Amino acid sequence: MTIQIGNAPCSWGVEFADDARNPAWETVLQQCAEAGYKGIELGPVGYMPEDPAQLAEALAKYDLTLIGGVVFRPFHDASKWDEVEDATKRTCAALKAHGAEHLVLIDSIAERRAPTAGRANEAEQMDKAEWTAFRDRIATAAKIGVDSGLTVGIHAHAGGFMDFEPELDRLLNEVDEDLLKICFDTGHHSYAGFDPVAFMKRNVDRISYMHFKDIDPKVKADVVANRTDFYKACGQGIFCNLGQGDVDFAAVRQVLLDAGFEGWCTVEQDCDPTLPGTPTEDANSNRTYLKSIGF
């Protein structure tokens, strides 16, 4: 099994490219490399330089591979399609310039779904027409990625319309596997109230890319009970260091091993950039833990 471990700017609190609280992009590259990671994600397009020469020089300086990039945009909102399409095309261009492999599509947090993160039985559902248009927008973005030579994965996310396991199953059944694979996030699957390992066992052949997150079960119970905003939940530490939460990473490893999975697994420990934090220490701790269980 050849698995490489990367990290992502969100582990340093970078969720939006224009957030004045973001750390400098080169600082993130430096600290990622110093913690022992061999690859990094792009982060929100526009955070790292879109000038290929500038970013290539920095990646080489820190001996990092650009793994992929995420389009975290409102696929659920038809009126925002121009924004989604632009972000998709820009992300693809940046990834292609550096030989990256993975494009990840995430429906961003929706006002109608944010209060029911972690509450599958209460969450508002799209009607048939809305779902069909939503699915087709995801498929269109996926085709842009595939046409750019990328492997495209759908990523479930708390508070969006692609959150709970039945929604993910439905999308995967309706969109061709050659177009859309799975970027599987262990933490978001747990946040949603489902078993990450069980899902992996059923779907490992379609998983092209992994995001490693762990979930503090006490914080999860509190934020679900109180309908806490996702970003406030991050500030409360719902995404704890790997090995300290309810995700069984030894079992995750075994599923990947049994399937002969090869490729990247990326640590994503979403955090709140407004709070005093220790992203460098967390990055080191997570890398040490993964090594201790054979990654």
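See the structure above.
Residues numbered from 1 in each chain as written. Predicted model: local features only at pLDDT ≥ 70, side-chain atom pairs only at ≥ 80, totals over all residues. Heavy atoms only, no water.

Participant: Which residues make up the overall build of the protein chain, and what are the values?
Facilitator: Broken down by element type, the protein chain carries 11 helices and nine strands. Relative to the 2.2 N^0.38 estimate, which gives 19 Å for 295 residues, the radius of gyration of the protein chain is 18 Å and therefore close to what a compact globule would have. Taken along the three principal axes of its C-alpha coordinates, the protein chain extends 50 × 40 × 40 Å. Taking all 295 residues of the protein chain together, the buried fraction comes to 54%. Pairs at least 24 residues apart make up 81% of the contacts formed inside the protein chain by residues separated by at least 6 positions. Counting every atom, the protein chain has about 12100 Å² of accessible surface; 47% of that belongs to carbon and sulfur. The protein chain carries 28 positive and 48 negative side-chain charges, and their two centres are separated by 2 Å. (Helix = DSSP H or I, 4+ residues; strand = E, 2+ residues; numbered from the N terminus. Rg over C-alpha atoms; globule rule 2.2 N^0.38 Å. Buried < 20%, exposed > 50% of the residue type's maximum accessible area, 1.4 Å probe, protein only. Contact = heavy atoms within 4.5 Å. Areas by Shrake-Rupley, 256 points an atom, 1.4 Å probe, with all protein chains shown as cover. Lys, Arg positive; Asp, Glu negative; His and termini not counted. Charge placed at Lys NZ, Arg CZ, Asp CG, Glu CD.)

Participant: Could you give an account of helix α1 (residues 25–34), with specific residues and numbers?
Facilitator: Those residues of α1 that sit buried are Trp25, Val28, Leu29 and Cys32. Looking straight down α1, one finds that the buried residues subtend no more than 100° of arc, so they occupy a single side. Looking at the buried residues of α1, the elements they touch are β1 (3–7), β2 (39–40) and α2 (52–61). Just beyond α1, the residue with positive phi is Gly36, at close to 100°. (Arc of directions from axis to C-beta.)

Participant: Give me the pairing of strand β7 (residues 181–185): which residues, what numbers.
Facilitator: Most of β7 is tucked away: four of the five residues are buried. Both strand β6 (residues 151–154) and β7 contribute to a ladder of two bridges, which runs parallel. Paired with Gly153 across the strands is Lys181, a residue of β7. As a crossover connection, the stretch from β6 through helix α5 (residues 165–174) into β7 is right-handed. Bridge analysis of β7 against strand β8 (residues 207–212) gives four bridges, and the strand direction is parallel. Residue pairing in the sheet places Cys183 in a bridge with Tyr209 of β8. (Pairing = 2+ DSSP bridges. Right-handed = clockwise from strand over helix to strand, strands pointing away.)

Participant: So what's going on with the sheet that holds β1? Which residues, and what values?
Facilitator: Across the sheet, which stays open at both edges, the nine strands sit in the order β3-β2-β1-β9-β8-β7-β6-β5-β4 with parallel pairing between neighbours. Edge positions in the open sheet fall to β3 (65–66) and β4 (68–73), since each of these has one partner strand only. The pairing of β4 with strand β5 (residues 102–107) spans six bridges and is classified as parallel. Of the residues in β5, the one forming a bridge with Val71 is Leu105. Running over the sheet, helix α3 (residues 81–97) touches β3, β4 and β5 and is turned about 175° from β4. Across the sheet, helix α4 (residues 128–147) is in contact with β5 and β6; its angle to β5 comes to roughly 165°. (Axes fitted to C-alpha atoms, helices over the stretch in contact; angles between N-to-C directions.)

Participant: An account of the side chain of His189 is needed here, citing residue identities and associated values.
Facilitator: Counting through the fold element by element, His189 comes out in helix α6 (residues 186–191). Aside from chain neighbours lying at most four places away, what touches His189 is Glu165, Phe184, Phe194, Asp195, Pro196 and Phe199.

Participant: Could you give an account of the nonpolar core, naming the residues involved and the relevant values?
Facilitator: Residues Leu29, Leu105, Met210, Phe212 and Leu256 are the most contacted members of the largest nonpolar core, which totals 73 residues. With seven residues, the top contributor of residues to this core is α4. If we skip the residues at most four places from it in the chain, Leu105 touches Val71, Phe75, Ile138, Ala141, Ala142, Val152, Gly153, Ile154, His155 and Leu180. Formed by 12 residues, the second largest nonpolar core is a distinct cluster that contains Ala158, Val219, Val224 and Phe239. (Core = buried A, V, L, I, M, F, W, Y, C linked by side-chain atoms within 4.5 Å.)

Participant: Describe the pattern of salt bridges, and please don't skip the residues or the numbers.
Facilitator: Under the definition given, this model contains 20 salt bridges. Where Glu85 meets Lys89, a salt bridge forms, and the shortest distance between an N and an O atom there is 3.5 Å. Linking Glu85 with Lys89, this pair stays in helix α3, spanning four residues, or about one helical turn. On the basis of relative accessibility, which here comes to 46%, the residue Lys89 falls in the partly exposed class. The closest approach of N and O atoms between Glu167 and Arg113, which form a salt bridge, is 2.7 Å. With Glu167 in helix α5 and Arg113 in the loop between β5 and α4, this pair connects stretches of sequence that are 54 residues apart. Glu167 sits in the buried class, given a relative accessible area of 7%. One salt-bridge network, in which partners are shared between bridges, spans Arg135, Asp136, Arg170 and Glu174. (Salt bridge = Lys/Arg side-chain N within 4 Å of Asp/Glu carboxyl O.)

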